[in-house]
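Architecture at a glance
Here's the letter readout for the chains.
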Amino acid sequence: MEHIEDSDTQGTDEGTRRCAWYRRPATIIGAAAGLVAVGALAIGVPIASAASEAESATSSAVVVPARPGTTTDSGDHGSSGRYGGYDATPNGTTSGTSATQTDATAATADESTGVALIDTTLGYQNGAGAGTGMVLTSDGLVLTNNHVVEGATEITVTIASTGETYTATVVGTDATDDVALLQLDGASGLATVTIDDDGDTEAVGDDITAVGNAEGGGLLLAADGEITDLESTVTTASEGTVSSETLDGMIEIQADVVAGDSGGAVLDSDGEVIGMTTAASSGTAVTTAYAIPIDDALALVQQMLAGDESGDVTLGYPAFLGIAIAQSTSSLQGMPDSGGFRGHDGTVTTADGVTIAGVYQGTPAADAGLTAGDTITAVDGTSVTDSSSLTAILSEHDPGDTVTMTWVDTAGATQSASVTLIAGPVA
């Protein structure tokens, strides 16, 4: 099966765990709610190394961001190979892993204009990540892939052409379509990327250049290539609790795209942006990569700016409780997403509620006195029967909302407390 990955990276750097990933909402237990399963591994991604994960695709390609100074071997993490990503099922299947980027050169000043380097801190999993973004407005709106910032508790963005670094906040995300919009704090007078507004003039065989924070090295590289398909379908392969999902209408390119390039610009021969690098496959001599058409990404940007949360768009940050849910086996795997960990082997649930495996320090759950072994039975009087119901209840709330938690402690006594939810990691 051909291996497809996102262009976003995470791994270890002087004791910090860096794990690569491509997350999907269907697999996030407690997304926008702040819970999920505890564990030592990010699902489908190596945690002990600088692995990157990319989206699995129905065509081939691997795009993963990496971080400076990290290793690139993912260890024994199945077919995720070097990047620790998911398997993909392209039209025809192969297998393999991506090699280090070799056919790329330092981006020119023109190619670098409006392109930014993104670094994330994954505070609830002691990790970090890196990727790429594109500056859309002079006051600091930046477009990137959702998987580049997913799970982040802090985001910093460096403008490649000037070296200026800004703290970024999330305006909105769409995990299903893998688009995120950031706002740089205090930014003004920034140079922006030039968007191709000529309409659908691209054609198979057209020359392109993919520009990104290759390997998370903090230096923009440019990889030349060509368009091989304008309506490609990319399917992520399921792994653990990560459900298979499909992105269609993608621009397929042959270019040496690697970890760290996610969220970067795909430029046409005029130097205008026609797409956003998102996924790539490996296993062949030539890397096949996939980009979200820029018009599709900008349509979601406009929806976010309009405050419209219809479809799969989420504005701002999810509400966060701060618990990890017990798993049904002793092998715990998961990754903090929107405030918790993602379950891998299934959560421990009973007819009376959901058992807590752990509580993050300094979170609402800890302040309320919840501890490992307690069983949550209700939120605001609504019964909790499993992790999905708990996620669904909490996802209806925003940071700052107060809810009443009811639980049975390890001594068998029923407890209740009001909890004010906080902003969690990016969903």
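A quick note: this is a predicted structure, and the numbers were derived from the prediction, not measured.

Structural notes on the overall build of the protein
Scanning the protein from terminus to terminus reveals five helices and 28 strands. Classification of the 427 residues of the protein by burial places 59% in the buried group. Look at the contacts in the protein between residues 6 or more apart in sequence, and 72% of them connect residues 24 or more apart. For the protein, the computed accessible surface area is about 14,400 Å², with 46% contributed by carbon and sulfur atoms.

Side note on the packing of aromatic side chains
Two aromatic rings are characterised by how far apart their centres lie and by the angle between their planes. Within this structure, the stated rule accounts for three aromatic pairs. With 5.1 Å between their ring centres and 65 degrees between their planes, Tyr124 and Tyr360 make a pair best called edge-to-face. With Tyr124 in the loop between β7 (115-122) and β8 (127-135) and Tyr360 in the loop between β23 (353-359) and α4 (364-368), this residue pair connects regions lying 236 residues apart in the sequence. According to the relative accessible area criterion, Tyr360 is buried, its value standing at 13%.

Quick word on helix α5 (residues 387-394)
Counting buried positions along α5 gives six out of eight residues, so the element sits mostly inside the fold. If you check which residues of α5 are buried, you get Ser387, Ser389, Leu390, Thr391, Ile393 and Leu394. Its side-chain oxygen at 3.2 Å from the backbone nitrogen of Ser388, Asp386 defines the N-terminal cap of α5.

Description of helix α3 (residues 294-305)
A rise of 1.5 Å per residue sets the reference length of α3, with its twelve residues, at 16 Å; its end C-alpha atoms lie 16 Å apart and thus fit the reference within 8%. Those residues of α3 lying buried are Ile294, Ala297, Leu300, Val301, Gln303 and Met304. Once α3 finishes, Gly307 follows within two positions and takes phi at roughly 75 degrees, a positive value.

Criteria and cut-off values
Residues numbered from 1 in each chain as written. Predicted model: local features only at pLDDT ≥ 70, side-chain atom pairs only at ≥ 80, totals over all residues. Heavy atoms only, no water. Helix = DSSP H or I, 4+ residues; strand = E, 2+ residues; numbered from the N terminus. Buried < 20%, exposed > 50% of the residue type's maximum accessible area, 1.4 Å probe, protein only. Contact = heavy atoms within 4.5 Å. Areas by Shrake-Rupley, 256 points an atom, 1.4 Å probe, with all protein chains shown as cover. Phe/Tyr/Trp six-rings, centres within 6.5 Å; stacked < 30°, edge-to-face > 60°. Polar contact = N/O pair within 3.5 Å; in protein donor to acceptor, adjacent residues only side chain to side chain. Expected span 1.5 Å × (residues − 1).

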